[in-house]
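Descriptive structure summary
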Amino acid sequence: MNMKLAEALKIVQSAPTDAPPLQVALLCGFTPLHLETFLRAQLCKLFPGRFPVVQTGLYGDLIGNLERVADVSAAVVVMEWADLDPRLGLRRLGGWEPSQLQDILSEASRSCDLLQNAMAAVARNIPVVACFPTLPLVPVSFTPLARASEFTLELRSRVASLSAELSHIHGVRIVDPQRLDALSSSRRLDVNSDLSSGFPYTLAHASALAEVLAGLVLNPQPKKGLITDLDDTLWRGILGEVGVQGISWDLDNHSQIHALYQQLLHSLSASGTLIAVASKNDRPLVEEAFAARDPILRETDVFPFEVHWGAKSESVARILGAWNISADDVVCVDDSPMDLAEIKAVHPGAECLLFPRENPQAAYELLERLRDLFGKDKISQEDGLRAPSLRANAELQHDMEKASPGAASDFIRHIDGKLTLSSQKQPLDSRSLELVNKTNQFNLNGRRFQEAEWQNWLNAPDAVLVAASYRDKYGPLGNIAVIAGDLLNVNGVNGDSSGKRRLCIRTWVMSCRAFSRLIEYECVRWLFAKLDVEELEFDFLPTARNTPMQNFLQQVRNAPAEPHCRLSRAQFMQSCPRLSHTVEESANG
Amino acid sequence: MAEFESRLVNCFAIAFPELAAQEIPAVSMGSLASWDSLAGITLISVIEEEFSVSIAPDDVPDLVSFELILDYLQKDYLQKDYLQRDCLGRLSPEDAQ
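Model, not experiment: these values are computed from the prediction. (Residues numbered from 1 in each chain as written. Chains lettered and ligands numbered in written order. Predicted model: local features only at pLDDT ≥ 70, side-chain atom pairs only at ≥ 80, totals over all residues. Heavy atoms only, no water.)

**As for the overall build of chain B**
Cut-off, in case you're wondering: Each helix corresponds to a stretch of at least 4 residues labelled H or I by DSSP, and each strand to a stretch of at least 2 residues labelled E; elements are numbered beginning at the N terminus. Relative accessible area decides the class of each residue, using a 1.4 Å probe on protein chains only: under 20% of the type maximum gives buried, over 50% gives exposed, and in between gives partly exposed. Contact between two residues is taken to exist if any of their heavy atoms lie within 4.5 Å; hydrogens are not considered.
A count of helical and extended segments in chain B gives 4 helices and 0 strands. When the 97 residues of chain B are sorted by exposure, 32% land in the buried category. In chain B, the proportion of contacts linking residues at least 24 apart, taken out of those at least 6 apart, comes to 55%.

Here it is in structure tokens:
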């Protein structure tokens, strides 16, 4: 349902003017008019704590607007055909003669080159959300409308090439026309409006487009894990009733939608999403089904299996424990509304989605919804390590529990932990920012950053960034921690310029997969040694979920964590347990 | 028609949030500094959306006060109402049901 203009104006007018501004550039060649209003309204909805300010440029000068953009957190570029050649718009008369078509193509190619360079230059500093022509082409070609002409095909091909080229550039997010088609299926071009004011969109189209654009500005973090039921969800049939050979996921048994669901889950697993099973079933029967029927979702894709006859909410609680994440980060899929309601009652943060077993169309829409919830910009090395490292963690915890009480810390010293630290600030490491923006538990203050804000901060000469990766005998964990702060020279008491230095840590996150290995202590030891500081100051703030960070600060300082609390080198030396990691600095650090 | 006027007051309140409700019926382009061409386009778009009408571009320059817009919309509404009755009147009672 599209937002109405009146609703958008009300949202914009009620935005808190005293909130921190969110500066976004809306760059287009037409009059932005209602698109600006809708975009501001959508940004207000998606960034509730911010006051969105949308900067616009000059009419008819998209490339110039790109070149002039400055002091914004993101740029939204909306291109239409007239930006490639004014003859492709309604407000300029350059001629639509057949003899001119080749010249229009040449001009469009030149414009594509200029736009590519301009957008790539902007994307070096801030995220760029780009949308390519959404309006129907004017009737410039000589063929009937139903027949695609060489000219229109060639023109669309050049735009597609531009779009593909830009998609390779870090920081560029391109609107998928398929998504826009789904949201904006009605008439898009408003000829009256274009001729009278230079704004070419119908309100419905502007509203839908703004929704998609704002979503890409936000670029939400994907959910981390999916918990699936088995019977009539992962496969068709009740395993306990029809037996291992009676369940199906194929065309012959009219159960292909379950195969597609498995295929999606397997793909999500390969992309770093955690997959678990919560099923009311007999465990041996489920093991037999996975072994004998070889489903598309492999047994190795799943960790853990919670298969028993207890409440589903108990299974979910154990899975969250094994994954060490909160309910807010997971999606539960089940064909039973009752089981979903029971999970939701105990874990209100979990997103609970019904698998509509009798309705393949609705089930297909569920697959699309899941892809949206777990969609990510790119697949990183850590995505491939996540599930194996959780399994390894479970193994490590099991081995630690087997060790006698008090011997746990000794045990940690014998797992061959190797910590690699890098203090390189350029080029921007998107994985570090991603970790900062998605980590909740070992997180100094819960602060999140826009990409431009993060980059601007790190550009300061005294800003320090440390990224840590880790491996031990249980396997690699990949990049697991980020520390960022500002180095300060501190004058001693009574104006004594002692030259002592302090690191004010503004952000510190560590993946929950790296807990219980004393890595946080090793990081602090490295900071004191490498940066030659006498004191650390922590820009700490309690959050609903950062108890592990609070506990660490309490232990290392022997005092409760509080905003701007400090830790001296001497204090740390007293509280630090014996460490035995191998520490390396990366070659580019 | 009171409801009609009230809906138009709401449209003005959305386009010109600085106006008090009681000021709106007397407002005109000449009396309101913020009613510039851009605000005028926004107002007309909000009205078109609210009343599901399409205002002809030729008519827009004449719609420069609350009173004139109200008058325009009422005429448009009455015309549509007349056409609808006229059309229904030609149908047989069975078809009309």
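**Notes on the overall build of chain A**
In plain terms, the rule: Charge counting follows a simple rule: Lys and Arg are positive, Asp and Glu are negative, and His as well as the terminal groups are ignored. To locate a charge, the coordinates of NZ of Lys, CZ of Arg, CG of Asp or CD of Glu are taken.
When helices and strands are counted, chain A shows 22 helices and 18 strands. Taken along the three principal axes of its C-alpha coordinates, chain A extends 85 × 80 × 45 Å. Side-chain charges in chain A split into 58 positive and 72 negative, and the spacing between the mean points of these groups amounts to 4 Å.

**Re the interface of chain B and chain A**
This is how it is decided: When two parts are put together, the accessible area they lose, computed with a 1.4 Å probe and summed over both, is reported as buried area. Pairing of N or O atoms within 3.5 Å defines a polar contact, subject to two protein rules: one partner must be a possible hydrogen donor and the other a possible acceptor, and residues neighboring in sequence count only if both atoms are side-chain atoms. The nonpolar class holds Ala, Val, Leu, Ile, Met, Phe, Trp, Tyr, Cys and Pro. Asp, Glu, Lys and Arg form the charged class, and all remaining residues, Gly among them, are polar.
Taken together, the contacts link 9 residues of chain B with 11 residues of chain A. In this assembly, chain B packs against chain A so that about 970 Å² is buried in total across both faces, 71% of it on carbon and sulfur atoms. When the buried area of chain B at its contact with chain A is split by residue, I14, I41 and E49 of chain B rank highest and sum to 52% of it. Joining chain B to chain A, the criterion identifies 4 residue pairs in polar contact (both at pLDDT 80 or more). The element contributing the most residues to the side of chain B that touches chain A is helix α2 (residues 37-51) of chain B, with 6 residues. In terms of residue class, the side of chain B that touches chain A is made up of 6 nonpolar, 2 polar and 1 charged.

**As for the environment of P476 of chain A**
Residues and elements named next belong to chain A. By secondary structure assignment, the location of P476 is in strand β14 (residues 475-490). Measuring from C-alpha to C-alpha, the distance between P476 and K418 comes to 9.3 Å, with 58 residues separating the pair along the chain. When near neighbours in sequence (up to four residues on either side) are disregarded, P476 contacts L385, S389, Y470 and R471.

**A closer look at the pattern of salt bridges**
All names here are of chain A. Here is the rule: The salt bridge definition used is simple: a Lys or Arg side-chain nitrogen within 4 Å of an Asp or Glu carboxyl oxygen.
For the coordinates displayed, the defined rule picks out 34 salt bridges over all chains. For D329, the salt bridge goes to R545, with nearest N and O atoms at 3.3 Å. Taken together, the residues D329 in the loop between α13 (312-323) and β9 (330-334) and R545 in the loop between β16 (535-538) and α21 (547-557) connect sequence positions 216 residues apart. The partly exposed category is assigned to R545, whose relative accessible area is 25%. One network of salt bridges, with partners in common, ties together D229, K280, K312, D334 and D339.

**As for the confidence of the model for chain B**
Residue and element names in this part refer to chain B. As a reminder, the rule being used: Per-residue confidence from the predictor is reported as pLDDT, which spans 0 to 100.
Mean pLDDT over chain B works out to 85, with 80% of the residues at or above the 70 mark. Mean pLDDT across the secondary structure elements of chain B bottoms out at helix α4 (residues 93-96), with 48, and peaks at α2, with 95. Listed scores for the predicted complex are pTM 0.78 and ipTM 0.81.

**Description of the sheet that holds strand β10 (residues 351-354) of chain A**
Sheets are built from strands that pair by backbone hydrogen bonding, the pairs being arranged parallel or antiparallel. Residues and elements named next belong to chain A. The test is simple: Whether two strands pair comes down to DSSP finding at least two bridges between them. Angles shown run from 0 to 180 degrees and are taken between the N-to-C directions of axes, each axis being a line fitted to C-alpha atoms and, for helices, limited to the stretch in contact.
Here 5 strands make up an open sheet; going across it, the order is β8-β7-β6-β9-β10 and the pairing parallel. Among the strands making up the open sheet, the edge pair consists of β8 (302-308) and β10. Across the sheet, the mean angle from the axis of one strand to that of its neighbour is 20°, orientation sign disregarded. Bridge count between strand β6 (residues 225-228) and β9: 4 bridges; the pairing is parallel. Counted as the bridge partner of I227 is C332 from β9. With respect to the sheet, helix α16 (residues 381-402) is in contact with β7 (274-280) and β8, its orientation differing from that of β8 by roughly 60°.

**Describing helix α15 (residues 360-374) of chain A**
All names here are of chain A. For clarity, the threshold we go by: In this scheme, a helix's expected span is set at 1.5 Å multiplied by one less than its residue total. The directions considered for the arc run from the helix axis to the C-beta atoms.
With 15 residues, α15 extends 21 Å between its outermost C-alpha atoms, agreeing within 8% with the 21 Å of an ideal straight helix rising 1.5 Å per residue. Listed in full, the buried residues belonging to α15 are A363, L366, L367, L370, L373 and F374. Summarising the axial view, the buried residues of α15 lie within an arc of 125°, below the 170-degree limit, and thus occupy one face. Away from its buried face by more than 90 degrees, α15 exposes Q361 and D372. Buried positions along α15 lie against β6, α11 (256-270), β9 and β10.

**Focus: the nonpolar core**
The criterion, for reference: Nonpolar cores are built from buried Ala, Val, Leu, Ile, Met, Phe, Trp, Tyr and Cys residues. Side-chain atoms within 4.5 Å join them into one set.
W323, W508, L536 and F538 of chain A are the most contacted members of the largest nonpolar core, which has 66 residues in total. Broken down by element, this core gets its largest block of residues, 8 residues, from helix α20 (residues 519-531) of chain A. Apart from residues no more than four positions distant in its own chain, W323 of chain A is found in contact with G225, L226, I227, L274, I275, A276, F303, P304, V330, L390 and C512 of chain A. In terms of nonpolar packing, the next biggest core, distinct from the first, is built from 62 residues, L39 of chain A together with F16, L32 and I47 of chain B among them.

**Brief notes about the packing of aromatic side chains**
Going by this rule: Centres within 6.5 Å make a pair out of two Phe, Tyr or Trp rings, where for Trp the six-membered ring is used; the pair is then stacked when the planes are under 30 degrees apart, edge-to-face when over 60, and tilted otherwise. Placement of a charge over a ring requires the Lys NZ or Arg CZ to be within 6 Å of the ring centre, with the centre-to-atom vector within 35 degrees of the ring normal.
The full count for this structure, using the stated rule, is 22 aromatic pairs over all chains. With a centroid separation of 5.5 Å and 85° between ring planes, the pair formed by W508 of chain A and F552 of chain A is classed as edge-to-face. Of this pair, W508 of chain A sits in strand β15 (residues 500-510) while F552 of chain A is found in helix α21, placing the two residues 44 residues apart along the sequence. Taking the centre distance of 5.1 Å and the plane angle of 45° together, the rings of F4 of chain B and F51 of chain B count as tilted. Taken together, the positions of F4 of chain B in helix α1 (residues 2-15) and F51 of chain B in helix α2 put the pair 47 residues apart, joining distant regions of the chain. The class of F51 of chain B is buried, set by a relative accessible area of 10%. Feature note: the residues F442, W508, F515, Y521, F538 and F552 of chain A constitute an aromatic cluster, connected by ring pairs. Geometry around W249 of chain A places R293 of chain A over its ring, the cationic atom sitting 4.9 Å from the centre.

**A few points about the sheet that holds strand β4 (residues 128-131) of chain A**
Residue and element names in this part refer to chain A. The strand order across the open sheet built from 5 strands is β2-β1-β3-β4-β5, with neighbouring strands paired in parallel fashion. Two strands lie at the open edges of the sheet, namely β2 (51-56) and β5 (172-174), each paired on one side alone. Put simply, the sheet's adjacent strands are angled 25° from each other on average, direction ignored. Sheet topology places strand β1 (residues 21-28) next to strand β3 (residues 74-78); 5 bridges connect them, and they run parallel. Bridge pairing in β3 places V24 opposite A74. In this fold helix α2 (residues 33-46) packs onto β1, β2 and β3, with an angle of close to 155° to the strand it touches most, β2.

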